[in-house]
Amino acid sequence: MKRWNETSNHKPPQSQKSKPPLIIIMCGIVGYTGKRAAMPVLVSGLKKLEYRGYDSAGVAVASQEGILIRKQSGKVAGLDQLIHDDPIRATLSGSHSGIAHTRWATHGPPTTDNAHPHLGPNGRIALVHNGIIENHNALRDRFKADGHTFHSETDSEVLAHLIESHYQGDLLQAVTQALREVEGTYGLTCMSADELGVLVVARRGSPIVIGLGDDETIVASDASAIITYTRQAIYLDDHDIARIEGSHVDIRSLDSSSVTRTPAEIDWSPGAAEKGGYEHYMLKEIFDQPEAIRNTIRGRIDTGRGTAILSGLNLTPRELVDIQRLLIVGCGTSMNAGLIGEYAVEDFAGIPAEVEQAAEFRYRNPIVGSRDMVLAISQSGETADTLAAVREAVDKGSLVAALVNVVGSTIARETGRGIYLHAGPEISVASTKAFTSQVSVLLMIALKIARAHRLSREEGIQIAQEIEKLPELVEAVLASNDQLAEVAAHYAGYNNAFYIGRGYMFPVALEGALKLKEISYIHAEGYHSAELKHGPIALLEEGMPVIALLNEGPGQDKSLSNVAECKARSAPVLGVVTQGDDEARQACDHVIEIPSCPHYSAVVPAAVALQLFAYHVARIRGCAIDQPRNLAKSVTVE
Ligand code: F6R
């Protein structure tokens, strides 16, 4: 298994000077050059990137006749049909190099004109671009004064004009010169009708992965689009520019000096990025969880010594003892996982841990002590606020580690130490398997810190054994999927819901509510069970179901009293209860059972039960489960 300090993608934090701004568009890029017909590779690549969220799509291929572009607002399936119906289909499908894009509108609405690829003024250079060119207005004015006409409102079209203005037969040279004039961020791929088979790609602040095949190269903004073809990939660093022709890749920096980047193995199987026969990626990913957690913990638990082996953290026991506080930052689901980490670190290790929204941490000038460790959690490794929080912590001189799923992502590259989840690709916008893998790692981190601080070997062994049981706990919940679907049917008609929990189950209540609201559009809020009395109770009535986390553990008696208060106000109650706990069962209208286990590991089966519950509610309501409205997988904008 790859460790953080073993991956070729890891590098020390960049200097402040070289850091790009953090405003990046959430779009998808695919490029192809090689032995195959480019069009099917491009379209299938776009389909793999659909999960990111987009509102228009386009492709361009290069041929003797010049560059042919097909693009339109709407889905990739519509673009595919457009290409299929095209009278010049033979030319379109005969080309062996091309570029493609899915766009999420920022500069200008999602129209066909604004969709990428964009052409230079003579139609000889085409470009797809993620990011924002901040000086696009000044450049546009300059070109307009020179008589250029623009067909879109995008900053990207201006960049295409800039590149073509520098073109004198060498695309790499033209892109390099253009990018020296650019302020802002980019992940780009472009090609010229005068250099058939050549792609030039560049990165500053927006990811570009180069997939190395046999006599072919597939480039993309994320690995999902390339793993069907190859697992050998180069992740570009900021300021890298590469010229690609067939399988030949020449990487330079902005000053034209040659750069060596070692290829990394993408350890996702092609099938892992497919739905695998499930109706939705979300359901597949929920069912992936036993395997995902096994992959996450494999080789990382030393049961005999009652500790975790997390070499990516790169900390000796002496350094672990020196850690006096853990500051956890993240957004959304990742932050909810962080809250469970807070409980576990304090519980096992007896040192303070705090969780903060990354967006808050980055702007409020946080106090970070010399013996604090900042832990950033991000599935994608690209979330703008979490990345900015990492940079803030680095600038404050603190020890920074990250917990990331996507290998080679920006957060992974900018933190000197960390742990990969190895949960496999998470395609569904709603995060599921990343959450339970994050929790598994956080329990291991807590165990490791705790062993250095105060936990005995015997206690450590017990916790290590419980962590190893997590996949089985998940399997037990998945086995009750059909019953869960039946229970969900009772709740799919409501428009509001409360989730309540205490102790370790409080973050699970937050996560359960987040899952339900994002995929079913039911207004759902998570509260600490005790907080109900301080306001939310005013809303309890028969139309306000309460999902109560009631598993065995400290405070269960109090939670049962909270449930009685809900029932007294006619609120329907769905309890997540421990198998065989009749008292809890009788307190509720419906129950979902989870296996008996310590409260710190019960969070995992409880979260899985709530994921399935949300999934079935959303399915019954006919929602677009994998691509909920207004959401994108990777939130690289502030
Ligand atoms: C919810 C969800 C989001 C993400 C959040 C952070 O299901 O997926 O709340 O958890 O946008 O994303 P990452 O973990 O990629 O930093």
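For the structure given in this document, a descriptive report is provided here. Being a predicted model, the structure only gives us computed values, none of them experimental.

In this section: the pattern of salt bridges. Between side chains of opposite charge, a pair can form when the charged atoms approach closely. Tallied over the full model, the rule gives 32 salt bridges. A salt bridge links R203 to D238; its shortest N-O distance comes to 2.8 Å. With a gap of 35 residues between them, R203 in strand β8 (residues 198-204) and D238 in the loop between β11 (232-235) and β12 (240-245) connect regions that are remote in the sequence. Overall, R203 belongs to the buried group, its relative accessible area being 3%. Exposure remark for D238: the relative accessible area of 7% places this residue in the buried category. The closest approach of N and O atoms between R391 and E414, which form a salt bridge, is 2.6 Å. Of this pair, R391 sits in helix α12 (residues 384-395) while E414 sits in helix α13 (residues 410-414), placing them 23 residues apart in sequence. Overall, the relative accessible area of 7% leaves R391 in the buried class.

The subject of this paragraph is the sheet that holds β8. Spatial ordering of the open sheet is given by β5-β6-β7-β8-β12-β13, a layout of 6 strands whose pairing is antiparallel. Strands at the two margins of the open sheet, each flanked by one partner only, are β5 (118-119) and β13 (248-253). Together, β5, β6 (125-130) and β7 (186-192) form the strand contacts of helix α5 (residues 155-166), whose direction differs from that of β6 by roughly 140°. Across the sheet, helix α6 (residues 171-180) is in contact with β6, β7, β8, β12 and β13; its angle to β7 comes to roughly 145°.

Quick look at helix α16 (residues 470-478) now. If you check which residues of α16 are buried, you get L470, P471, L473, V474, V477 and L478. All buried residues of α16 project into a common sector of 160° when viewed along the axis, lining one side.

Here the focus is the pairing of strand β1 (residues 28-34). A large share of β1 lies buried, amounting to 7 of its 7 residues. Residues G28, V30, Y32 and G34 of β1 are buried on one face, and the alternating residues I29, G31 and T33, pointing to the opposite face, are buried as well. With 6 bridges connecting them, β1 and strand β4 (residues 97-103) associate as antiparallel partners. Counterpart to I29 in the pairing with β4 is H101. Where β1 lies against strand β10 (residues 216-220), 5 bridges are found, and the strand directions are antiparallel. The residue of β10 that forms the bridge with G34 is E216.

Closest axis-to-axis distance for the helix α1 (residues 38-48)/helix α2 (residues 76-84) pair is 10 Å, and the angle between their directions is 165°. With respect to their mutual orientation, α1 and α2 come out roughly antiparallel. In this structure, α1 meets α2 at a crossing whose hand is left-handed. Taking contact as the criterion, the partners of M39, V43, L46 and K47 in α1 are, on α2, V76, L79, D80 and I83. Here the contact of α1 with α2 is composed, by residue class, of 6 nonpolar, no polar and 2 charged.

What follows covers the site of the ligand. Near the ligand, the surroundings consist of 14 residues, among which S334, S378, S380, T383 and E518 are the closest. Here S380 contributes a side-chain N or O atom positioned 2.6 Å from an oxygen atom of the ligand. Contact between the ligand and E518: an oxygen atom at 2.5 Å from a side-chain N or O atom of the residue. At the level of elements, α10 (332-349) and α18 (505-520) are the ones that each hand at least two residues to the shell around the ligand. Considering every element that reaches the shell around the ligand, the biggest residue donor is α10, with 3 residues. When residues of the shell around the ligand are assigned to domains, at least three fall in each of domain 2 (276-468) and domain 3 (476-638).

Let's shift gears to unusual backbone geometry. Apart from glycine, the bulk of residues carry a negative phi angle, and the bulk of peptide bonds sit in the trans form. With an omega of 0°, the peptide bond running from H116 to P117 counts as cis. A positive phi angle, near 75°, is found at S256, a position not held by glycine. Residue placement: S256 occurs in the loop between β13 and β14 (264-265). On the basis of relative accessibility, which here comes to 30%, the residue S256 falls in the partly exposed class. One non-glycine residue, S570, adopts positive backbone phi at about 70°. Following the sequence through the fold, S570 ends up in the loop between α19 (556-568) and β25 (573-578). For S570, a relative accessible area of 47% gives the class partly exposed.

Secondary-structure assignment places L403 in strand β20 (residues 399-404). On the basis of relative accessible area, L403 is assigned to the buried category, the value being 0%. As a C-alpha pair, L403 and A376 span 27 residues in sequence and 6.1 Å in three-dimensional space. Aside from chain neighbours lying at most four places away, what touches L403 is L375, A376, I377, S378, I419, L421, Q438, V441, L442 and I445.

For any two helices packed against each other, the geometry comes down to the angle between their axes and how far apart the axes lie. At their nearest, the axes of helix α14 (residues 433-453) and helix α15 (residues 457-468) sit 10 Å apart, and the two run at 170° to each other. With respect to α15, the element α14 is oriented roughly antiparallel. In this structure, α14 contributes L443, M444, L447 and R451 to the contact, and α15 contributes R457, G460, I463, A464 and I467. Residue composition of the contact of α14 with α15, by class: 6 nonpolar, 1 polar and 2 charged.

As summarised here, the arrangement of the 8 strands in space is β3-β2-β4-β1-β10-β9-β11-β14, forming an open sheet in which the pairing is antiparallel. Two strands lie at the open edges of the sheet, namely β3 (66-73) and β14, each paired on one side alone. Sitting on the sheet, α1 is in contact with β1, β2 (56-63), β4 and β10, with an inclination near 160° to β2. Running at roughly 135° to β3, α2 makes contact with β2, β3 and β4 of the sheet.

With that settled, consider the side chain of R502. The topology assignment puts R502 in the loop between β22 (496-501) and α18. If near-sequence neighbours (up to four positions away) are discounted, R502 is found in contact with H528, S529, A530, G555, K558, S559 and N562.

Parameters at a glance
Residues numbered from 1 in each chain as written. Predicted model: local features only at pLDDT ≥ 70, side-chain atom pairs only at ≥ 80, totals over all residues. Heavy atoms only, no water. Salt bridge = Lys/Arg side-chain N within 4 Å of Asp/Glu carboxyl O. Helix = DSSP H or I, 4+ residues; strand = E, 2+ residues; numbered from the N terminus. Buried < 20%, exposed > 50% of the residue type's maximum accessible area, 1.4 Å probe, protein only. Pairing = 2+ DSSP bridges. Contact = heavy atoms within 4.5 Å. Axes fitted to C-alpha atoms, helices over the stretch in contact; angles between N-to-C directions. Arc of directions from axis to C-beta. Parallel < 35°, antiparallel > 145°, perpendicular 65-115°, else oblique. Left-handed = near helix turned anticlockwise from the far one by under 90°. Nonpolar A, V, L, I, M, F, W, Y, C, P; charged D, E, K, R; others polar. Near = heavy atom within 4 Å. Polar contact = N/O pair within 3.5 Å; in protein donor to acceptor, adjacent residues only side chain to side chain. Domains from an automatic or database assignment.

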